[in-house]
Amino acid sequence: MDAFIKYFRDKWDTLEVGLNQRRVVFQGTKFASLVPGHQIKFEKSVKKKYVFDQDLMSCFPLNFDTLYFTFNFDKQYWVEMCLDIRERYLYVFDCNQKVRRDTRLRKEMESLLDMLPFVVRQVSPELMNSVPTDPFILSRDTLLPTCLHPSKSGLMSVLFIERHAVGGIEASRGVRPEELAVEAKKLLITMYDAYVEK
């Protein structure tokens, strides 16, 4: 998963981004693995005074509008998430929504939704001034294609965010589970060409 995300991040960094376009960050598994370690202390603290450690802060650039990051459930099932600073939403890209119904998902994500505004505000003075402390709103698109096999959830989820970053939710809905083998081959060949010395 981290290799895929690194490729998307490097690819995005080569694009010319206009002044009015979103500043996008792709983050691998590190971010989501560090956040839970703060949960208990954060909940017991005076939230506005809680200080997140440098390891977590290093996941962010000083300014961004959108953060895509990888999240794993039960060490076997992958989803991607999109933190939209401007709209104040946390979007979940999930290829098998039967694994976690909305009620269970919201319960499991509640502490993350509470913490994220405070994490983001500590990144830079600009974000401190522009991001309120209210929890982010959770949203999961119900029209995304379904793929029932957990071993394919990783590839499905990274394809969702690759398409979303460029074309929005409609582009994500265009991912086809029946074409995963072809998409995987294309992606691996492109990554090989990008990183292996010729």
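The following refers to the structure shown. Within each chain, residues carry numbers counting from 1 in the order of the written sequence. Totals for whole chains, interfaces and linings use all residues, but because this is a predicted model, local features are given only for residues with pLDDT of at least 70 and pairs of side-chain atoms are given and counted only at 80 or more. Calculation of side-chain values draws on the structure's entire complement of heavy atoms; hydrogens and water are dropped beforehand.

1. Here we look at the sheet that holds strand β5 (residues 137–140)
Link 1 in the chain: Pairing is mixed across the open sheet formed by 5 strands, whose spatial order is β1-β2-β3-β4-β5. Edge strands, defined here as strands with exactly one partner in the open sheet, are β1 (24–27) and β5. Between one strand axis and the next, the sheet turns through 25 degrees on average, direction left out of account.
Link 2 in the chain: As paired strands, strand β4 (residues 89–93) and β5 are joined by 4 bridges and run parallel to one another. Note that in β5 the partner of Val92 across the bridge is Arg140.
Link 3 in the chain: Of the strands in this sheet, β1, β2 (66–73) and β3 (77–84) touch helix α1 (residues 2–13), which is tilted by about 160 degrees from β1.
Link 4 in the chain: Its contacts with the sheet place helix α7 (residues 153–172) against β1, β2, β3 and β4, and it is angled at close to 25 degrees to β3. Two strands make a pair as long as DSSP finds a minimum of two bridges between them. Elements are defined by DSSP. Helices are runs of H or I of four residues or more, strands are runs of E of two residues or more, and each kind is numbered from the N terminus. The angle between two axes is taken between their N-to-C directions and runs from 0 to 180 degrees, where each axis is a line fitted to C-alpha atoms and a helix contributes only its stretch in contact. Pairs of residues are marked as contacts when any of their non-hydrogen atoms sit within 4.5 Å.

2. A few points about the side chain of Ser157
Link 1 in the chain: Of note, Ser157 is situated in helix α7.
Link 2 in the chain: Pairs of N or O atoms are called polar contacts if they sit within 3.5 Å, as long as, within protein, a hydrogen donor faces a hydrogen acceptor (for residues adjacent in sequence, only side-chain-to-side-chain pairs). A distance of 2.8 Å separates the side chain of Ser157 from the backbone oxygen of Gly154, its partner in a polar contact.
Link 3 in the chain: Excluding anything up to four places from it in sequence, Ser157 contacts Met1, Trp78, Val79, Glu80 and Phe93.

3. Some points on the packing of α1 against helix α8 (residues 180–195)
How two helices sit against one another is set out by the angle between their axes and by the gap between those axes.
Link 1 in the chain: Close contact between α1 and α8 brings their axes to 11 Å; oriented N to C, the two are set at 65 degrees. The handedness of the crossing between α1 and α8 comes out as left-handed. Here Ala3, Phe4, Lys6, Tyr7, Phe8 and Asp10 of α1 lie close against α8, whose contacting residues are Leu187, Leu188, Thr190, Met191, Ala194 and Tyr195.
Link 2 in the chain: Each residue receives one of three labels: charged for Asp, Glu, Lys and Arg, nonpolar for Ala, Val, Leu, Ile, Met, Phe, Trp, Tyr, Cys and Pro, and polar for the others, Gly being one of them. Residues of the contact of α1 with α8, tallied by class, amount to 9 nonpolar, 1 polar and 2 charged. Handedness of a crossing follows from how the near helix is turned relative to the far one, being left-handed for an anticlockwise turn of less than a right angle and right-handed for a clockwise one.

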